[in-house]
Amino acid sequence: MPDQTIAGRTVAELNDAFAGGSLTPLDALESTIARIAAKDDTHRAVYVIDADEARESARRSGERWRSGAALGPLDGIPVTIKENTAKVGLPQSYGTAAREPVIATENSPVVDRLQEAGAVVIASTSMPDFSGLGSGVSSRHGIARNAWNPAWNTGGSSSGAAVAAALGYAPVNIGTDIGGSIRIPAAMNAAFGFKPSYGRVPINDTYLGRCAGPITRTVRDAAHTMALIARPDSRDHTSLPDESIDWTDLDVDIRGLRLGVNFGPVEGKTADPEIVAAIRRAVAVFEAAGAQVETVEPYLSRDYLSTGFIPFFTAHLWAQMNDKNIVDDLGRADQEMVAAVSSIDSLSSLELIQAYDSIGPFVQETVNMLGRYDAVLSPTSGILAGPAESRMMTEFAGPANFTSAFNAAGTPAASINCGFSKDGRPIGLQIAADRRRDLAVLQVAAWYEAHRGPEATPQWNSLD
């Protein structure tokens, strides 16, 4: 069966095919496996394929569809999960050769919700060492390569998930995000990536700002996913209480909507000129439809990345690298990354606490800014995708400058493609809103997806 069976089909289209009998979940699964086999030697997005269990899951789903007892829109839909998202029977390595892979004995909450909904979890996707780089370079997985050109960087750290989404391996791909790790690779691969509010999607490795969320080709596919994975779970103490959210109610009247547009949260830092131009074109689409658009001046009083978030996050990475329950041989990790992270050892405990304490005021500034608007538009990344081999360490403040404040503040944000550079590199528009206004972000994104025009719409068939 040709791999075109599933590539490019949305969740709704697959549902129609399953219901009508023109396609079965097992057909879709085999198509996914064939497409991965055809493309992944080059792009290195996938870590492990769980074919046997996936086939059994697909067969059970097929029986439900034939008997009219499908569990919902994700029943039978192929799904990938980032390597750090535990699924029973799959190995986890933290993306590094420094750790011998450990077979998961318990599902993460996300995987439980997916399987309860009948989704077919087919594979785990690659990520950089310790999920700590803004690229797809990994001592365990090799170099993940951009879906549009394998010479380009994927962004990180949900590198494989974004490439899998763009290449059409699966309609739904789960990533994680602690400073931009869903949105940045989504932007660099022209996919849609959604970082929900902190605690909206329960996880089993809770940490300040860390979230799990979907990377897809379409906003609606992400919404279908959120409807199932955004449920409380006692294994995550940050889990938000249940809310009655109709996740697939994506209609919004753009007229009169109050939108902010920001080209740099910190004075003196902005994006590449081609990115700025693409964002301005996207903003013009909203203005033409009647949205009230206002420029948001730099809203952070100083560069909290270098004084707060980066030292705090780097200390977290260094603690992981020195945790004997995680690392077997640090000498096998990416040594360029180890050298960069180890510099945090020179900071005193007082300086580290001061770095953590400095995050609070910037969170308040971010929340104050978001509270003035229905949504805020900005670049997702300040830079275009670089060479695939780049670890994106010295450039980290470029791509993360626009994303990480929303992690620290626990607010929802998404990236959607809004154009391409002159040489074809995807450009992401970030859409953010105040705490718990996840649906508003999806609604604005869905409206833009429907109105962005051909120059900003990915031509997925060119990746076949």
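Residues numbered from 1 in each chain as written. Predicted model: local features only at pLDDT ≥ 70, side-chain atom pairs only at ≥ 80, totals over all residues. Heavy atoms only, no water.

Scored by pLDDT, the protein has a mean of 94; 97% of the residues are at 70 or more. Averaged pLDDT values over the elements of the protein bottom out at 52 in helix α12 (residues 397-400) and peak at 99 in strand β9 (residues 192-195). (pLDDT = per-residue confidence, 0-100. Helix = DSSP H or I, 4+ residues; strand = E, 2+ residues; numbered from the N terminus.)

This part is about the nonpolar core. In terms of nonpolar packing, the biggest core is built from 69 residues, with Leu-74, Leu-114, Phe-192, Phe-286, Leu-429, Ile-431 and Tyr-448 touching the most fellow members. Among the elements that line this core, the one with the most residues is helix α14 (residues 438-451), at eight residues. In this structure, Tyr-448 is in contact with Ala-282, Val-285, Phe-286, Ile-416, Asn-417, Cys-418, Leu-429 and Ala-456, ignoring residues within four places of it in sequence. Grouped together as the second largest cluster of nonpolar side chains are 38 residues, Val-296, Val-338, Tyr-373 and Ala-405 included. (Core = buried A, V, L, I, M, F, W, Y, C linked by side-chain atoms within 4.5 Å. Buried < 20%, exposed > 50% of the residue type's maximum accessible area, 1.4 Å probe, protein only. Contact = heavy atoms within 4.5 Å.)

Glancing now at the sheet that holds strand β15 (residues 426-432). Taken together, the eleven strands give an open sheet; going across it, the order is β1-β5-β2-β8-β10-β9-β14-β15-β13-β11-β12, and neighbouring strands pair in mixed fashion. Strands with a single pairing partner mark the edges of an open sheet, and in this sheet they are β1 (46-49) and β12 (292-295). Each strand of the sheet is rotated relative to its neighbour by a mean of 30 degrees, with strand direction disregarded. Judged from the three bridges that link them, strand β2 (residues 78-82) and strand β8 (residues 172-177) form a sheet pairing that is parallel. Bridge pairing links Ile-81 to Ile-174 in β8. (Pairing = 2+ DSSP bridges. Axes fitted to C-alpha atoms, helices over the stretch in contact; angles between N-to-C directions.)

Counted according to the given criterion, the structure contains 23 salt bridges. Note that Arg-59 and Glu-56 form a salt bridge whose closest N and O atoms lie 3.9 Å from each other. Here Arg-59 and its partner Glu-56 are both found in helix α3 (residues 51-66), three residues apart, which amounts to about one turn of the helix. For Asp-233, the salt bridge goes to Arg-113, with nearest N and O atoms at 2.9 Å. Linking Asp-233 in the loop between α7 (219-229) and β11 (258-261) with Arg-113 in helix α4 (residues 109-116), this pair joins segments that are 120 residues apart in sequence. Its relative accessible area of 10% is what places Asp-233 among the buried residues. You can call Arg-113 buried: its relative accessible area is 12%. Taken together, the shared-partner salt bridges connect Glu-106, Asp-112, Arg-113, Glu-116, Asp-233 and Arg-235 into one network. (Salt bridge = Lys/Arg side-chain N within 4 Å of Asp/Glu carboxyl O.)

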